[in-house]
Amino acid sequence: MKHRWHYFPYEEGRLMLFLVFILWNQLLPVLACPKDCFCAPHSGNVQCASKNFLWIPEDIPADTIELNLNENSFRNTDISRRNFTKLTGLQNLFLSNCGIETITVDTFIDLNHLEWLDLSKNKIQFIADFTFRNLVLKHLFLNDNIGVQFSLGAFAGLTTQGLYLNNCGLERLPVDLFNPLKGSLKTIWIHKNNIESFNPKWKYFFMSLAHVQLGGNAFHCNCDIKWLYSYFQSTKNDLFAEGDQPQCASPAHLKGKTFEQLSEADFRCQLPTFENLDAVFDAKMGKLTCHARGDPAPTLHWISPDGTTETYYPSDLDKQNKENMGILVITSLKLEKKDAFKCVASNPAGNVTFALNIAWPDLRPVTPKTTISNNVIRDKTTPNPRRRGFNKNNNNFAGDDSGVYKWTDAKSESSKLTPSDNTMRYEKKDNDEHHFTIIDIVGAVVGTFVLTLLLCITAFHYYHKKREIGNMREEDHHYSVPEEINNKRSPPDVFIMNEPDDNRIKMINHNNSTEYPT
């Protein structure tokens, strides 16, 4: 009995420890779950979506299998390796619509068991080489990252079965970007982008896939993608099944039509035509310009007479405008005879050639001719002297701000004037100058005024002196001739003018007699 008394407490203690262990295992996931997140017991599932997190929580349990952080606007827009380094058992990671802009290289390198990675609806602008190195995924979602750009080695070191690039605003996508995924990739979705054309090399890439979606792109339906139309028609029930059909965005007469509504005859190209050809030369260099238009934009080739060729490929802007321009610079001075330069414009519709027979023009300087005008020898290339007027605003001669002038004798210019020329010419010279100061101008004005005054006084004095002498002569004449004699000698038709300044005798004959009195 005594033995039993000691046995029961021992069994009860073991039972209590067992119950505490079970309870601890039940409470541990709850205690380790980040604040505001939901962690289902024994599931390894941590749900932290739409919790207004400003950064990735650091207290995520190490044994988490699925982590959902969707719809959180992180203040730190960069994610790096330290955010996930302890989550080595993670299989599903959801980071959609978190404001992520940059993914550091090797951010996920420690997640050896990761299968699903969703980075959709972020603001990722560039994905560098080896960003997803060592990942073996089932699905990689990069949808709705508008304007994202990829380095050519962005998927180097990655293995994935599905890649999703929907609605990313992609305009061009090189097929070489997906070379690292050959052998593993089975599904690719690239619908709702702005891609106009696919290179024929894509056909061999598509042949290795099980499902492709290309609908919603801005295809330019010409002969460049006729191969895609033919391949779509042959595999539409297999490779392109369950997706939107590809359709045309241009040219205008095919806009909005799906591949099902078209035939191969609709996929045509336009032969290049030349818009402009120019040849411009100076003494040392020549420039030949060739401008052509076609659909698609043509590639241009300038072929020189010696057989050398320069090629000009259209840029992205040229492709949009369906045109191209090639400029050939010539520096050889040996084009003494007419040599043929050829501009060749080519696109899938064919080639057109334009030949130019060019000889280097004679650009030697011509000796200027001279002319003689008014005894002045002047070069025709030398402009006539400019007439200079007086400017009342600044008291200088208009056309010159310096106010410095020189007057020179034209005879001194023996090379320009004949010896008999005695004219004066007005010139402005920099090496022989005369400056008029304010004192010179005031002195000239005062001197002119004084001289004018003196001339007026002299003239006035001379006038009065002459008048006095005239009056004296008149008085002497009046008293030297008696009045009766004067009256006797003066005929009735003769009048003597008594004005002092008139010494003439005016005779008036009223009877038209031709006899004059004695």
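See the structure printed just above.
Residues numbered from 1 in each chain as written. Predicted model: local features only at pLDDT ≥ 70, side-chain atom pairs only at ≥ 80, totals over all residues. Heavy atoms only, no water.

A.B. asks: How do you make sense of the overall build of the protein chain when you look at a structure like this?
C.D. replies: Summing up its helical and strand segments, the protein chain has six helices and 28 strands in all. Looking at the 518 residues of the protein chain, the share that counts as buried comes to 33%. For the protein chain, long-range pairs separated by at least 24 residues make up 51% of all intrachain contacts whose partners lie at least 6 apart in sequence. Put simply, the protein chain shows about 34,100 Å² of open surface, and 54% of that area lies on carbon and sulfur atoms. (Helix = DSSP H or I, 4+ residues; strand = E, 2+ residues; numbered from the N terminus. Buried < 20%, exposed > 50% of the residue type's maximum accessible area, 1.4 Å probe, protein only. Contact = heavy atoms within 4.5 Å. Areas by Shrake-Rupley, 256 points an atom, 1.4 Å probe, with all protein chains shown as cover.)

A.B. asks: Help me out: how do you make sense of the packing of aromatic side chains in this one?
C.D. replies: One pair of aromatic rings is described through two measures. These are the centre distance and the angle between the planes. By the definition in use, this model includes 25 aromatic pairs. Taking 5.7 Å as the distance between ring centres and 80 degrees as the angle between the ring planes, the aromatic pair formed by F232 and F259 counts as edge-to-face. Placement of F232 in helix α3 (residues 226-235) and of F259 in the loop between β15 (248-250) and β16 (270-281) is noted, with a sequence separation of 27 residues between them. F259 matches F232 in its accessibility class, with the two residues each being buried. (Phe/Tyr/Trp six-rings, centres within 6.5 Å; stacked < 30°, edge-to-face > 60°.)

A.B. asks: How should the pairing of strand β17 (residues 286-295) be read in this particular structure?
C.D. replies: A regular strand places its side chains so that they alternate between the two faces of the sheet. Across the 10 residues of β17, eight count as buried, placing the element largely inside the fold. As defined by bridge partners, β16 adjoins β17 across nine bridges and the pair is classed as antiparallel. Counted as the bridge partner of V280 is K287 from β17. Hairpin connection from β16 to β17: four residues lie between these consecutive antiparallel strands. Examined bridge by bridge, β17 and strand β20 (residues 323-330) share eight bridges and lie antiparallel to one another. Among the inter-strand pairings, L288 is bridged to a residue of β20, identified as L328. (Pairing = 2+ DSSP bridges.)

A.B. asks: Is there a simple way to explain the sheet that holds strand β9 (residues 136-141) in this structure?
C.D. replies: By way of backbone hydrogen bonds, the strands of a sheet pair with one another, either parallel or antiparallel. Taken together, the nine strands give an open sheet; going across it, the order is β1-β2-β3-β5-β7-β9-β11-β12-β13, and neighbouring strands pair in mixed fashion. The sheet is open, and its two borders are formed by β1 (38-40) and β13 (211-213), each paired with just one other strand. Here the average twist between neighbouring strands, direction ignored, is 10 degrees. Sheet topology note: the strand β5 (residues 92-94)/strand β7 (residues 116-118) ladder contains three bridges and is parallel. Counted as the bridge partner of L93 is L117 from β7. (Axes fitted to C-alpha atoms, helices over the stretch in contact; angles between N-to-C directions.)

A.B. asks: What's the story with the side chain of N217 in this structure? I'm lost.
C.D. replies: Relative to the helices and strands, N217 is located in the loop between β13 and β14 (219-220). One polar contact links the side chain of N217 to the main-chain carbonyl oxygen of I190, over a distance of 3.1 Å. Apart from the residues lying within four places of it in its own chain, the contact partners of N217 are I190, H191, K192, N193, N194, I195 and Q247. (Polar contact = N/O pair within 3.5 Å; in protein donor to acceptor, adjacent residues only side chain to side chain.)

A.B. asks: Please clarify how the sheet that holds β16 should be interpreted in this entry.
C.D. replies: Spatial ordering of the open sheet is given by β16-β17-β20, a layout of three strands whose pairing is antiparallel. Looking at which strands have only one partner, the edges of the open sheet turn out to be β16 and β20. Sheet twist, expressed as the average angle between the axes of neighbouring strands with direction ignored, equals 15 degrees.

A.B. asks: Would you mind going over unusual backbone geometry with me for this structure?
C.D. replies: Glycine aside, residues mostly have negative phi, and peptide bonds are mostly found in the trans state. For the peptide bond that leads from S250 to P251, omega is -5 degrees, which places it in the cis range. Turning to its location among the elements, P251 is positioned in the loop between β15 and β16. Although it is not a glycine, E71 sits at a positive phi angle of roughly 60 degrees. Topologically, E71 is positioned in the loop between β3 (66-68) and β4 (78-79). A positive phi angle is found at N97, which is not glycine, with a value near 55 degrees. Summarising the element assignment, N97 is placed in the loop between β5 and β6 (102-103).

A.B. asks: Which parts of the structure should I look at to understand the side chain of S120?
C.D. replies: Mapped onto the elements of the fold, S120 is located in the loop between β7 and β8 (126-127). Looking at S120, its side chain comes within polar contact range of the side chain of D118, at 2.8 Å. Here the side chain of S120 touches N143 through a polar contact of 3.5 Å, landing on its backbone nitrogen. Not counting chain neighbours up to four residues away, the residues in contact with S120 comprise L95, S96, N97, F141, L142, N143 and N145.

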